[in-house]
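Topology and contacts: notes
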Amino acid sequence: MSEQLGTLEELPLDYREAMSAAGVAPLWPMMRNVLPHDLPAPVTRPGYWAYAAMKPLLLRAGELTPVEKAERRVLVMSDPGRGKGAMQATASIYLGMQLLLPGETAPAHVHTPSAVRIIVEGEGGFTVVDGEKMPMQAGDLVLTPGGEWHDHGHEGTAPVIWLDALDLPVFYYLEGSYAKEGPLQAQRNRPDASQVEYISAGLAPSRRHEAGARRYPMMRYPWGRTEAALREMARWSDGAFVELDYVNPETGKDVLPTLGFTAMFLPKGARLAPPLRSSSAAFHVVKGKGRSTVNGQVIDWSAKDTFSTPVFAALDHEAAEDSFLIRVHDRPLQEKLGYYEERQR
Ligand code: 1HN
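Throughout this description, residue numbers start from 1 for each chain and increase along the sequence as written. Local features in this predicted model are restricted to residues whose pLDDT is 70 or higher, and side-chain atom pairs enter the listing and the counts only when it is 80 or higher, whereas totals over whole chains, interfaces and linings include all residues. Side-chain measures here rest on the full set of heavy atoms in the structure, leaving out hydrogens and waters.

**Remarks on the site of the ligand**
- Neighbouring the ligand are Arg72, Tyr94, Gln98, His109, His111, Arg117, His150, His152, Asp164, Leu166 and Leu168.
- Between the ligand and Arg117 there is a distance of 3.2 Å, counted from an oxygen atom to a side-chain nitrogen or oxygen.
- Whenever a nitrogen or oxygen atom comes within 3.5 Å of another N or O atom, the pair is scored as a polar contact, on the condition that within protein one atom can donate a hydrogen and the other can accept it, and that pairs from neighbouring residues in sequence are kept only if both atoms are in side chains. Here an oxygen atom of the ligand and a side-chain polar atom of His152 are 2.6 Å apart.
- In the complex, the protein chains occlude 85% of the 330 Å² of accessible area that the ligand would expose alone.
- Ten residues, namely Ala, Val, Leu, Ile, Met, Phe, Trp, Tyr, Cys and Pro, are considered nonpolar, four, namely Asp, Glu, Lys and Arg, are considered charged, and the remaining ones, Gly among them, are considered polar. Of the residues assigned to the shell around the ligand, the class counts are three nonpolar, five polar and three charged. Here a residue is considered near a molecule or strand provided that any single heavy atom belonging to it is located within 4 Å of it. The accessible surface values rely on the Shrake-Rupley method and a 1.4 Å probe; as for residues, cover is taken only from the protein chains in view.

**Concerning the sheet that holds strand S22 (residues 323-329)**
- Between any two strands, at least two bridges found by DSSP are needed for them to pair. Labels follow the DSSP assignment, with helices taken as runs of H or I lasting at least four residues and strands as runs of E lasting at least two, numbered in each case from the N terminus. The six strands lie next to each other as S1-S20-S17-S22-S14-S13, forming an open sheet whose pairing is antiparallel. Of all strands in the sheet, those bounded by a partner on one side alone are strand S1 (47-49) and strand S13 (242-245). On average, adjacent strands in this sheet sit at an angle of 20° to one another, irrespective of strand direction.
- Looking at chain direction, S13 and strand S14 (residues 260-266) are connected through four bridges and run antiparallel. Opposite Val242, over in S14, you have Phe265 as the bridge partner. Between N-to-C directions, angles cover 0 to 180 degrees, with each direction set by a line fitted to C-alpha atoms, over the stretch in contact for helices.

**Observations concerning unusual backbone geometry**
- Although it is not a glycine, Glu71 adopts a positive phi angle of roughly 65°.
- Tracing the backbone through its elements, the reader meets Glu71 in the loop between helix H3 (51-64) and strand S2 (74-76).
- Its identity as a non-glycine residue notwithstanding, Glu175 has a phi of 55°, on the positive side.
- Within the fold, Glu175 resides in the loop between helix H4 (168-173) and strand S11 (179-181).

Purely geometric numbers; function is a separate question.
Below is the structure:
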């Protein structure tokens, strides 16, 4: 371990001014800031967004701002560590709640960041990604991979609300975030791939030599199947915690390049203390009620609420009712960068 490093104040004023004038700065006073020992020092703090508080604000946005004036009518969830107005929930994860009213259309665009939608409530909403029209039903997880055209529509009679999670902060940091706008897409005249090619886990369509799979073969993961799979696994798990990864049905790998998703089932009374993970995360409560402690901070959650956790957070979950949560995390990005890690507590 090195000795106490030198500070800026120890250096003569004329030298400090000369460094500034030359456009340089000494590393050593900042060394421990940019490279702390053993663990990172996250700016991110745990966040919690109660749906009961979000929903009236969203509905009011529906009255105040027509979708034509918004492109996307979204309230962004700000990381408490970065403060009011922050456009991100963790270093890599953007979260927002989006409202679409009956008859409205959110215009087509394509951008570099990837998005996922987790449907919170409402019937009749749909999103079109790369020409594929996908119904949005409560609990569904729908991908919008970077580089794919997407627009949203609403054929129902009541407001539709969903949670957006994007890797936008990463693209913004890289100065790589940008979009193109275009006309609404022509829709393929058939149900989405989750209802045609990939109805059953372990079965994928045969194809002739050379006809490769799409990069993102299935972009909608209907909630009904997810919950049924979790319940069946739990029935045979002897009380062990069950969690499913959302995977690409052709490759078995993560569904997006940077973000990963899991579905968790915490039966009533269950307690769970996962390992410390180098990934940051967001949790969305599809159903249930419970409590999570994040670095000592208590979060009481119920259905449709969302909370976020910084990297290496100490987490304890406790379910007061049978609870289903979707976990959004940035492990895929960290694995690509070569540093994803889990530590036992
Ligand atoms: C976006 O394209 C959507 O397509 C939602 O619904 C939220 C936040 C930042 C940048 C692009 C959407 C977004 C977004």
